Amino acid sequence: MRNAGEARVRLSLGYNSVEPMKTLTIAVIAGDGVGKEVVPQSKRVLDAVAKKHGVAFAFQDFDWGADHFFRWGRMMPAGAIDLLQPCDAILLGAVGHPEIPDHTTLNGLLLPIRRSFDQYANVRPAYLYPGVKSPLAGLKGGEIDFVVVRENTEGEYAQVGGRVYALQPEEVAIQTSVFTRRGIERIVRFAFELAARRGKKMRVTSVTKSNALGYSMDLWDRTFSEVAGKFPEIQTESLLVDAAAMNFVRRPESFDVVVGSNLFGDILSDLSAALIGSMGLAASANLDPSRRFPSMFEPVHGSAPDIAGKGIVNPLATILSAAMMLEHLEMNAAARDVERAVAAALAEGKARTPDLGGASSTEEVTDAVLARLG
Ligand SMILES: NC(=O)c1ccc[n+]([C@@H]2O[C@H](COP(=O)([O-])OP(=O)(O)OC[C@H]3O[C@@H](n4cnc5c(N)ncnc54)[C@H](O)[C@@H]3O)[C@@H](O)[C@H]2O)c1
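Residues numbered from 1 in each chain as written. Predicted model: local features only at pLDDT ≥ 70, side-chain atom pairs only at ≥ 80, totals over all residues. Heavy atoms only, no water.

Draft legend 1. Up close: the overall build of the protein chain. For the protein chain, the count of helices and strands is 11 helices and 13 strands. Taken over the C-alpha trace, the protein chain has a radius of gyration of 21 Å; the compact-globule value for 374 residues is 21 Å, and the two agree within 12%. With respect to the three principal axes, the spread of C-alpha positions in the protein chain is 70 × 50 × 45 Å. The 374 residues of the protein chain split such that 51% are buried. The contacts in the protein chain between residues at least 6 apart in sequence include a share of 72% that link residues at least 24 apart. Surface summary for the protein chain: the accessible area is close to 16600 Å², and the carbon and sulfur share equals 54%. (Helix = DSSP H or I, 4+ residues; strand = E, 2+ residues; numbered from the N terminus. Rg over C-alpha atoms; globule rule 2.2 N^0.38 Å. Buried < 20%, exposed > 50% of the residue type's maximum accessible area, 1.4 Å probe, protein only. Contact = heavy atoms within 4.5 Å. Areas by Shrake-Rupley, 256 points an atom, 1.4 Å probe, with all protein chains shown as cover.)

And the structure:
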């Protein structure tokens, strides 16, 4: 990742201090469907917060996704990774089109970026904002406050397998999961460090299915115990994924940091998005914690073809993902500003898209956030 560029804003004889203004280059892939609607709203918020905090964002837009596929037969060009690499971060909307198989869109854009940039930690916070109704009865704002940490580069998504007798009646498909000690160790360690940094319930829950998957998930369980031994101040809990799903519903307030494999983390974070009131509020970060490569920030949701083009998609998941990007770029005050503005807009409850029971447009919800940014 290259260093942030600097541009002199004012030069005098030294009597006035000259503050170098940081310019951060953000690669932007709006993608498909509602991605094209939520990403421009996030850029509006980023521009506003940048002005307030004395930085500038240079957005580099890449028109990759389904349209690119229809034109060129691939989701992004051959040199795409090289184009993204010099950027400070990547902001993504969503990929997916009803006329393209989902495995083509996912494997043609999202997964190669996550793997090429070793974005092994997929961080998906679940926070019930005051003023938002959870489908679970009796929960008040703030009572759900946990983070799903999903292993993002191997496991069930490793793309190892093949077909025999393809497209014939006796067709056979084999898909193998790949779990490495290194891969498990680093994601579990990340989860413990995150629990320590959050300083909240100081608990890490490991999610597996080691009763049935006695090789891969046994390696996960043993590695989890080894890493846990290095964090005596953090409580631990191990749940099978079916029990974890049940307890997300039964006692969501008990969770702090939940760590699981690529597939389990994906499924559980959709459940947690529903618990906090809407997919439209679920943000995520794909992090390369070593910072060798740019990290990528995107909402948990997909391209939502059922509501695309209607101007009613909730932009807050993407705006909150942009706040996670600010935090990763070490602009903590700016990140808190955006989060506070989102929380204030939700608490007031006037501007709400239909997924939250309102009738506001995507743009009106962003306007409400911008009004509270000051
Ligand atoms: N990271 C990604 O790019 C990603 C993630 C998931 C799915 N997908 C793709 O997206 C496409 C659609 O998938 P899906 O329907 O299973 O999931 P989805 O997340 O796109 O939509 C699920 C449901 O939630 C609603 N929804 C989602 N985001 C919303 C928002 N911000 N505001 C209001 N309502 C919202 C949708 O209208 C839909 O009813 C598929 O092609 C799939 O492969 C992409």
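Draft legend 2. Representation of the pairing of strand β5 (residues 121-127). Along β5, 5 of the 7 residues are buried, which leaves the element largely enclosed by surrounding structure. Direction of pairing for β5 relative to strand β6 (residues 145-151): antiparallel, over a ladder of 7 bridges. By the bridge assignment, Val-123 is partnered in β6 with Val-149. With 3 bridges joining them, β5 and strand β12 (residues 283-287) adopt antiparallel strand pairing. In the sheet register, Asn-122 faces β12, and the bridge partner there is Asn-286. (Pairing = 2+ DSSP bridges.)

Draft legend 3. Highlighting the nonpolar core. Ile-26, Phe-57, Val-123, Phe-192, Val-204, Leu-326 and Val-338 are the most contacted members of the largest nonpolar core, which totals 86 residues. Counting residues in each nonpolar core, the second largest holds 19 residues, with Trp-64, Leu-92, Leu-109 and Phe-293 among its members. (Core = buried A, V, L, I, M, F, W, Y, C linked by side-chain atoms within 4.5 Å.)

Draft legend 4. Inspection of the packing of aromatic side chains at higher detail. Evaluated as defined, the whole model comprises 11 aromatic pairs. Members of the aromatic cluster, connected to one another through ring pairs, are Phe-146, Phe-248 and Phe-255. (Phe/Tyr/Trp six-rings, centres within 6.5 Å; stacked < 30°, edge-to-face > 60°.)

Draft legend 5. A look at unusual backbone geometry. Of note, Tyr-165 is a non-glycine position whose phi angle comes to about 55 degrees, a positive value. Mapped onto the elements of the fold, Tyr-165 is located in the loop between β7 (155-164) and β8 (172-178).

Draft legend 6. View of a nonpolar patch on the surface. Among the surface-exposed residues, Val-164, Tyr-165, Val-172 and Ile-174 lie close enough to one another that they form a single nonpolar patch of about 350 Å² accessible area. By the secondary structure assignment, Val-172 is in strand β8. The partly exposed category is assigned to Val-172, whose relative accessible area is 32%. (Patch = residues over 30% accessible without salt bridge, like charges linked within 9 Å, V, L, I, M, F, W, Y side chains within 5 Å. Salt bridge = Lys/Arg side-chain N within 4 Å of Asp/Glu carboxyl O.)

Draft legend 7. View of the site of the ligand. Near the ligand lie 20 residues; those nearest to it are Val-95, Asp-102, Gly-302, Ala-304 and Asp-306. At 2.7 Å from an oxygen atom of the ligand is found a side-chain nitrogen or oxygen belonging to Asp-102. (Near = heavy atom within 4 Å. Polar contact = N/O pair within 3.5 Å; in protein donor to acceptor, adjacent residues only side chain to side chain.)

Draft legend 8. Spotlight on the environment of Trp-72. By secondary structure assignment, the location of Trp-72 is in helix α2 (residues 66-72). The exposure class of Trp-72 is exposed, given its relative accessible area of 56%. Put simply, Trp-72 and Glu-37 are 35 residues apart on the chain and 23 Å apart in space, counted from C-alpha to C-alpha.

Draft legend 9. Quick peek at the environment of Leu-136. Relative to the elements of secondary structure, Leu-136 occurs in the loop between β5 and β6. A residue is classified by how much of its surface remains accessible, and Leu-136, at 18% relative accessible area, is buried. Along the primary structure Leu-136 and Val-49 are separated by 87 residues, whereas in three dimensions their C-alpha atoms are 34 Å apart. The residues contacting Leu-136, other than those within four sequence positions of it, are Phe-248, Val-249, Pro-252 and Leu-275.

Draft legend 10. Local environment of the pairing of β6. In terms of residue burial, β6 counts as a mostly covered element, since 7 of its 7 residues are buried. Across the two faces of β6 the burial is the same, with Asp-145, Val-147, Val-149 and Glu-151 and Phe-146, Val-148 and Arg-150 all buried. By the bridge criterion, 4 bridges tie β6 to strand β11 (residues 257-260) in an arrangement that is parallel. Note on β11: the bridge partner recorded for Val-149 is Val-259.

Draft legend 11. Up close: helix α8 (residues 262-275). Here α8 contains 14 residues, and its C-alpha end-to-end distance of 20 Å stays within 8% of the 20 Å for a straight helix at 1.5 Å per residue. For α8, the set of buried residues is Asn-262, Phe-264, Gly-265, Leu-268, Ser-269, Ser-272, Ala-273 and Leu-275. Taken end-on, α8 shows its buried residues confined to a sector of 165 degrees, consistent with a single buried face. Taken from the residues just after α8, Gly-277 is the one with a positive phi, measuring 110 degrees. (Expected span 1.5 Å × (residues − 1). Arc of directions from axis to C-beta.)

Draft legend 12. Summary view of the layout of surface pockets. Estimated volume of the largest pocket: approximately 1200 Å³. Along the wall of the largest pocket there are 34 residues; nearest its centre are Leu-194, Met-324, Glu-327, Arg-336 and Glu-339. When residues of the lining of the largest pocket are traced back to their parent elements, those giving at least two are β5, β6, α5 (181-198), β12, α9 (316-328) and α10 (332-348). Per-element tally for the lining of the largest pocket: the top contributor is α5, with 7 residues. (1 Å grid on protein atoms, 1.4 Å probe; cavity = no way out; pocket = protein on both sides within 12 Å on 5 of 7 lines; lining within 4 Å. Points joined across faces, edges and corners; volume = space filled by probe spheres on them.)

Draft legend 13. Quick peek at the environment of Met-331. Along the polypeptide, Met-331 turns up in the loop between α9 and α10. For the pair Met-331 and Asp-102, spaced 229 residues apart in sequence, the C-alpha separation works out to 35 Å. If sequence neighbours within four positions are ignored, Met-331 has contacts with Leu-24, Val-55, Phe-57 and Leu-326.

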